[in-house]
Amino acid sequence: MRVVVLPVCLLESYPHILLKYDFRLKQQSQAQTQQSSQQTPSTQHHQQQTTPSISSLQDQYFLTPYSSPIGVEGSVKTVCNIIRRSPVLRKLFDVKDEEEENLETKIDFKGHCRFIAFGPETDICICALLVDHISSLELNYINMPEPPLSRQQSKISYNHSVSSTSILSSPLLAAGDSPTPSVVQRDLVHLWISIRDIRHKLIHIDRVLKQPGILSKLTHVESWVSSYNEKDGSSPLQTPTTPKNGELNIPPSPLPSLTTLTIHHDENSKQTLSSTSNSLTALTTTTPQQSLPSLPTRLVKARARTLVWDVMELKNEVLYPHPVHGRIPNFRNNPDCSANLAQLEEFQRSRVIQICPSLAQEHLRLFSLAEGKVLLTPSPSIDVALFYKLDPKFLNMHELSRAATKSGTAALGTVVNLSAVGNIHVDIVVVASVVVNPITGARLGKGKGYGDLEYAIMHQLGACDESTIVITTVHETQLLDDLPSSVMTDHDLPVNVIITPQRIIYTQNKFQRPSKINWDEIDNDTILNLPVLKEFKRLQEHQQIQQQMVLV
């Protein structure tokens, strides 16, 4: 009999559980490969018919819970032993060295714990422990060196062969013994995962959670946390309300599967679309997330970016270039995002779309041109222009593929000067992201702020307004449910819709978009890298002089 420990917390009033990636399991798959090479051909043929090939499983990593066989001392003491052995769980339950012996009394196993057994069909029992939320950005940096504030300025030496002795599982490092922060070395990565996403099979989970009956029992965990929360009265779950016209935070209703989208175009079924997109938006925020303890915002952003970059490299989810650190991830299966974008009614009605020039969005640019959309691509290297404009009416079919590339955009596109930007209305803005919160819509780029500045310029010139939809396309690994809201400032651009290769997510639209450029926050390096800012400032000063002359 095994016990599975599931720490449960409320994120934006929705139950999440803490799971982990254990990258040391890669060595087991390699051992299995050696073992399979020693088997007879008949045995290998039989295994190929019954199980997936070993090579296809080597590049797959699964989220797993903490579990252990129940010892003779009982289930409660077994759970306590699991917590004692993990630095992350010790931090989560605030276990000090002097409290180890009395851990059974420190943890409220009567009020904040629920044991769920499954009967004879499986040898698993669940121990759900209700805890206060501690950010995954804090849990994943226990005994880990802090990332540099700018990954672009640091040399990355990625270690593909992860050692069996993890930094997280090793004893506390003495002062001066910290490994160099330029080396990516993670064996364990902990993330808060939405229970509903697990039940709808949007998350790759290991065989422990795939056993019969466990996914259905997670519904009982949800109900228990919700009922406990309502009884406690601190932050009761709220029922979805009917959205107003034009709002994008559409409350969904639970569906058995989220991987297949069926799009309808009437007002009533639009709620079904958003529920298929993401169940997290059904709940209104009532409980603020626990922020990281007195950390500078720049360090929180650096932690979030580095965590996502590390996990994507470890899971081999990036095509090229490598390493992904310091870049917008060119993630695998990004063409599937185009198929999901095509199902949006907002895309079907749109005429002008602005798409960032990143590699991950190259197929999206090609798809938009093929669908007859006027494409705007930022041109940061031009002094007096903000965009290249590509109209498929004036392009041949064989030129579309080239027009979607950076070099092709410059060769085939028309330069749009700043003075002409106000004559264009942009219906959709597709911005690049490194990390996105799928609940609140908070996002982080690679740290340069070009997308935020470009939107602010468009808004000041009248090319964007509240009807413009901001979309980002990312991999599922780039979604961080507890990315704190503190990372968003007045000049940061949030997103309304998130598109992954698997689904469409409508966010809660918690943040205001940047409406103008704050010149006090623009440094000389930014002006050198984005020379259009200098021309935009000159135009603003010229307009102010003209207005003063009219008043005189």
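One numbering rule holds for all chains: residues counted from 1, following each sequence as written. Given that the model is predicted, a residue must reach a pLDDT of at least 70 before its local features are reported, and side-chain atom pairs must reach 80 or more before they are shown or counted; all residues, however, enter totals for whole chains, interfaces and linings. As a rule here, side-chain values cover all heavy atoms of the structure and leave hydrogens and water aside.

What to know about the nonpolar core
Buried Ala, Val, Leu, Ile, Met, Phe, Trp, Tyr and Cys residues form a nonpolar core when they are joined through side-chain atoms within 4.5 Å. Throughout this description, buried means an accessible area under 20% of the type-specific maximum (1.4 Å probe, protein chains only), exposed means over 50%, and partly exposed covers the range between. Ranked by size, the top nonpolar core spans 77 residues in total, and within it L344 and I471 carry the most contacts. Runs of E in the DSSP output that reach at least two residues are strands. Runs of H or I that reach at least four are helices, and both are numbered from the N terminus. It is helix α11 (residues 297-314) that contributes the most residues to this core, eight residues altogether. Counting only domains with at least three residues in this core, you end up with domain 1 (2-26 + 61-135) and domain 2 (335-541). We call two residues in contact whenever any of their non-hydrogen atoms come within 4.5 Å of each other. Residues contacting I471, with those up to four places away along its chain left out, are L341, L344, I428, V429, V430, V431, V497 and I499. Judged by nonpolar contacts, the second largest core, of 34 residues, contains L376, V426, L453 and I457. For each domain, the first and last residues come from an automatic or database assignment.

Quick word on helix α4 (residues 75-85)
Listed in full, the buried residues belonging to α4 are T78, V79, C80, I82 and I83. Along its buried surface, α4 packs onto β1 (2-11), β4 (66-69), α5 (87-92), α6 (103-106), β5 (113-117) and β6 (124-130).

Some remarks on the pattern of salt bridges
Counted as salt bridges are all cases of a side-chain nitrogen of Lys or Arg within 4 Å of a carboxyl oxygen of Asp or Glu. Summed over the entire model, instances satisfying the criterion amount to 18 salt bridges. As a salt-bridge pair, K510 and E12 come within 4.0 Å of each other at their nearest N and O atoms. Of this pair, K510 sits in the loop between β19 (504-506) and α19 (524-529) while E12 sits in the loop between β1 and β2 (14-22); the two residues are 498 residues apart in sequence, bridging distant segments of the chain. The closest approach of N and O atoms between E99 and K106, which form a salt bridge, is 3.4 Å.

Here we look at the sheet that holds strand β17 (residues 469-473)
Read from one edge to the other, the open sheet built from eight strands follows the order β13-β12-β11-β10-β14-β17-β18-β19, with strand pairing classed as mixed. Sheet topology places β13 (414-417) and β19 at the edges, where each strand pairs with a single neighbour. Between one strand axis and the next, the sheet turns through 25° on average, direction left out of account. Any two strands with at least two DSSP-identified bridges between them are counted as paired. As defined by bridge partners, β17 adjoins strand β18 (residues 497-499) across three bridges and the pair is classed as parallel. Paired with T472 across the strands is I498, a residue of β18. Fitting a line to C-alpha atoms yields each axis, with helices limited to the stretch in contact; the angle taken between N-to-C directions then spans 0 to 180 degrees. The strands touched by helix α14 (residues 362-370) are β10 (352-355), β11 (374-378), β12 (385-390), β14 (428-430) and β17; relative to β10, the strand with the most contacts, the crossing angle is about 170°. Across the face of the sheet, helix α18 (residues 450-461) comes into contact with β10, β11, β12, β14 and β17 while running at roughly 85° to β12.

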